[in-house]
Each structure stands twice: as C-alpha cells, then as structure tokens.
Amino acid sequence: QVQLVESGGGLVQVGGSLRLSCVASGRTFSRLAMGWFRQAPGKEREFVASISWSGSTSDYADSMKDRFTCSRDNAKNTVYLQMLSLKPEDTAVYYCAATPRIYGSSRSANYDYWGQGTQVTVSS
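Residues numbered from 1 in each chain as written. Predicted model: local features only at pLDDT ≥ 70, side-chain atom pairs only at ≥ 80, totals over all residues. Heavy atoms only, no water.

Chemist: What should I look at first to understand the state of the cysteines in this one?
Modeler: By definition, a disulfide is the covalent link that joins the sulfur atoms of two cysteine residues. Going through the model one piece at a time under the given rule, you end up with one disulfide. Between Cys22 and Cys96 runs a disulfide, and the two sulfur atoms are separated by 1.9 Å. Its S-S torsion of about 45° marks the bond between Cys22 and Cys96 as right-handed, since a negative value means left-handed. Here Cys22, found in strand S3 (residues 18-25), pairs with Cys96, found in strand S9 (residues 92-99); they are 74 residues apart in sequence, far enough to count as distant. Both residues of the pair, Cys22 and Cys96, count as buried. Free cysteine: Cys70, not disulfide-bonded; nearest cysteine sulfur from Cys22 at 9.7 Å. (Disulfide = S-S within 2.5 Å. Helix = DSSP H or I, 4+ residues; strand = E, 2+ residues; numbered from the N terminus. Buried < 20%, exposed > 50% of the residue type's maximum accessible area, 1.4 Å probe, protein only.)

Structure (structure tokens):
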C-alpha cells in the first residue's frame, strides 16, 4: 500500500503563487510515477500534471503548462506542484496520485493510489 498526503493549499489572491507538496510512504517512491489532478465544484476531475520515476519526464495539461511546474525529490519521497499566476478558475481541490508505471498518465483510471486532497482557493 501507498499513503499520500498533500499539503500547501490555501487562500490566495489573483496572480499569486502556491507550492503544493505530496509526501508518499509505504512503497519505494522512486518506483512510482506521480500525477496531480484537480476537481472544482460541479466539474469533473481533470488532469494537471504528471512526472516519471526519476523526474526526467513530465507532462502537463495544455491550459496549465505555462504556469504550473511539477517536480520531485526522491530522497524526500515528495512530489511538488508549483503554481504561478493563479486565476479564479484554478480554485479546486488538488489531489496527488501514484502508479507503479514508469511514466505518469493523464487518465485518472491509470493511478492506483490517491491522497485526500488539499483546497486551493483563488479570490477575485
């Protein structure tokens, strides 16, 4: 089993920045690809970013790749999501997810483990 705990969410103003963290335990972190997803009220869960085992390969949703950056520190069992120039439409619960695949995926069904989520609210 893998346990994932997100942190770093909060309330920010338009144009602000946040860095989300997700700490994994229970399995060798360097053998897990990681993903970030978000879900806003009344909307479907959507893909944000993913990163491979080593961190050498990452992927982003087209609408977010210019503002968001995903990274990982395998020594700390942690994956990060740096979010810049936040907009009200970024308001959502953000989830991290893990899969034993070498590369991450934009599809929720390809992940085996999920965190509890952290709330990000961007005020206008």
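There's more to say after this.
Chemist: Even after reading the chapter, I still don't get the sheet that holds S3, so can you show me in this structure?
Modeler: Within a sheet, adjacent strands bond to each other through the backbone by hydrogen bonds, running parallel or antiparallel. With antiparallel pairing, four strands are arranged side by side in an open sheet as S1-S3-S8-S7. In the strand order of this sheet, the two ends are held by strand S1 (3-7) and strand S7 (68-73), each with one partner. Pairs of neighbouring strands in the sheet enclose a mean axial angle of 15°, with direction left out of account. Sheet analysis places S3 next to strand S8 (residues 78-83), joined by six bridges and oriented antiparallel. Bridge pairing links Val23 to Thr78 in S8. (Pairing = 2+ DSSP bridges. Axes fitted to C-alpha atoms, helices over the stretch in contact; angles between N-to-C directions.)

Chemist: Just checking my understanding: could you explain the pattern of salt bridges for this structure?
Modeler: Where charged atoms from two side chains of opposite charge approach closely, those side chains can pair. Scanning the model with the defined rule gives three salt bridges in all. A salt bridge links Arg38 to Asp90, with the shortest nitrogen-to-oxygen separation between them at 2.9 Å. Placement of Arg38 in strand S4 (residues 33-39) and of Asp90 in the loop between S8 and S9 is noted, with a sequence separation of 52 residues between them. The class of Arg38 is buried, set by a relative accessible area of 7%. In this structure, the salt-bridge partner of Arg67 is Asp90, at a minimum N-O distance of 2.8 Å. Highlighted residues: Arg67 in the loop between strand S6 (58-60) and S7 and Asp90 in the loop between S8 and S9, separated in sequence by 23 residues. Look at Asp90 and you get buried, because its relative accessible area is 0%. Counted as one network, the salt bridges with shared partners bring together Arg38, Glu46, Arg67 and Asp90. (Salt bridge = Lys/Arg side-chain N within 4 Å of Asp/Glu carboxyl O.)

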